[in-house]
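Structural characterization, general
The residues making up each chain are set out below.
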Amino acid sequence: MFARLLSRFRAGEPAALPQPDADLALGALLVRVAKSDHSYRVEEIQRIDRLIARLFELNPVQAAKMRATCEKLEKQAPGTGSFAGLIRDNVDHAHRLDALQALHEVMIADGIAVEEELSLIHALTEALGLTPEDEAIARQRAEEGHVLPPAHPKG
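Keep in mind it's a predicted model, so treat the numbers as computed, not measured.

Conventions adopted
- Residues numbered from 1 in each chain as written.
- Predicted model: local features only at pLDDT ≥ 70, side-chain atom pairs only at ≥ 80, totals over all residues.
- Heavy atoms only, no water.
- Helix = DSSP H or I, 4+ residues; strand = E, 2+ residues; numbered from the N terminus.
- Contact = heavy atoms within 4.5 Å.
- Areas by Shrake-Rupley, 256 points an atom, 1.4 Å probe, with all protein chains shown as cover.
- Salt bridge = Lys/Arg side-chain N within 4 Å of Asp/Glu carboxyl O.
- Buried < 20%, exposed > 50% of the residue type's maximum accessible area, 1.4 Å probe, protein only.
- Axes fitted to C-alpha atoms, helices over the stretch in contact; angles between N-to-C directions.
- Parallel < 35°, antiparallel > 145°, perpendicular 65-115°, else oblique.
- Left-handed = near helix turned anticlockwise from the far one by under 90°.
- Expected span 1.5 Å × (residues − 1).
- Core = buried A, V, L, I, M, F, W, Y, C linked by side-chain atoms within 4.5 Å.
- pLDDT = per-residue confidence, 0-100.

**Digging into the overall build of the protein chain**
Helix and strand content of the protein chain: eight helices and zero strands. Contacts in the protein chain between residues at least 24 apart in sequence constitute 78% of all its contacts with a sequence separation of at least 6. As displayed, the protein chain offers around 8600 Å² of accessible surface, 56% of which is attributable to carbon and sulfur atoms.

If you want it as structure tokens, here you go:
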């Protein structure tokens, strides 16, 4: 009887989260930037879904599932520097600049750029191995609506 009862509790346990890679790390950072102002708005969630779909060539359902995983990783996983390190160590400069542009897009998605978001993006710029000049380029591209290419071009 106790074995059946215990098995029912175990059946409801959530599945283990995947080990973060550069893609999941970027997704988690997008979520972290959106939440850094203590408000996680629909506009930010929609922007994250569109960015994930575009960057990783996923359909909307796959993108939403990936975002949901990234939300869980962001909540339970290591600090921001660990996520940035995964990206810095595994992604070339051009794609890190694209990642920084995506982070800026999330920051401006709700039309309100607050100090917490700006501070986090400044810290991420350095953690990604990028310069203040790179950050200015990424922000300008985000504000002008430049379309990000896929993170992993097929070919």
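Let's pick the thread back up.
**Here we look at the pattern of salt bridges**
Close approach of charged atoms lets side chains of opposite charge pair. Scanning all chains against the criterion turns up nine salt bridges. The closest approach of N and O atoms between arginine 141 and aspartate 98, which form a salt bridge, is 2.6 Å. Of this pair, arginine 141 sits in helix H8 (residues 132-144) while aspartate 98 sits in helix H6 (residues 93-108), placing them 43 residues apart in sequence. Here the two residues arginine 141 and aspartate 98 agree in accessibility, since each one is buried. Linked through salt bridges whose partners overlap, the residues forming this network are Arg32, Lys35 and Glu74.

**Here's the deal with unusual backbone geometry**
The phi dihedral of histidine 38 is positive, around 65°, even though this residue is not glycine. Checked against the element boundaries, histidine 38 lands in the loop between helix H2 (22-35) and helix H3 (42-56). Overall, the relative accessible area of 71% leaves histidine 38 in the exposed class. The backbone of glutamate 57 shows a phi angle near 50°, a positive value even though the residue is not glycine. Along the chain, the position of glutamate 57 falls in the loop between H3 and helix H4 (60-76). Exposure remark for glutamate 57: the relative accessible area of 38% places this residue in the partly exposed category.

**A word on the packing of helix H7 (residues 115-127) against H8**
For the pair H7 and H8, the least separation of the axes is 9 Å and the interaxial angle reads 125°. Looking at the two axes, H7 sits oblique to H8. You can see that H7 and H8 cross each other, and the crossing is right-handed. Here Leu118, Ile121, His122 and Thr125 of H7 lie close against H8, whose contacting residues are Pro132, Glu135 and Arg139.

**Quick word on H3**
With 15 residues, H3 ought to run about 21 Å at 1.5 Å a step, and its terminal C-alpha atoms sit 21 Å apart, in line with that. Restricting attention to buried positions, one finds in H3 the residues Glu44, Ile48, Asp49, Leu51, Ile52, Ala53, Leu55 and Phe56. Next to the buried residues of H3 lie H2, H4, H6 and H7. A positive backbone phi angle near 50° is found at glutamate 57, which sits one or two residues after H3.

**Quick notes on the nonpolar core**
Soluble globular proteins tend to pack their nonpolar side chains together in the buried interior. Leu30, Val33, Leu55 and Leu103 are the most contacted members of the largest nonpolar core, which has 40 residues in total. For this core, the elements supplying multiple residues, two or more each, are H2, H3, H4, helix H5 (80-90), H6 and H7. Examining the composition of this core, we find that ten residues originate from one element, H2, more than from any other.

**Considering the confidence of the model for the protein chain**
Scored by pLDDT, the protein chain has a mean of 87; 86% of the residues are at 70 or more. The low-confidence segment residues 5-10 (pLDDT under 50) makes zero contacts with residues lying over four places distant or belonging to another chain.

**What about the side chain of serine 36?**
Position of serine 36 among the secondary structure elements: in the loop between H2 and H3. Overall, serine 36 belongs to the buried group, its relative accessible area being 13%. Those residues in contact with serine 36, other than ones at most four positions away along the chain, are Glu116, Glu117 and Leu120.

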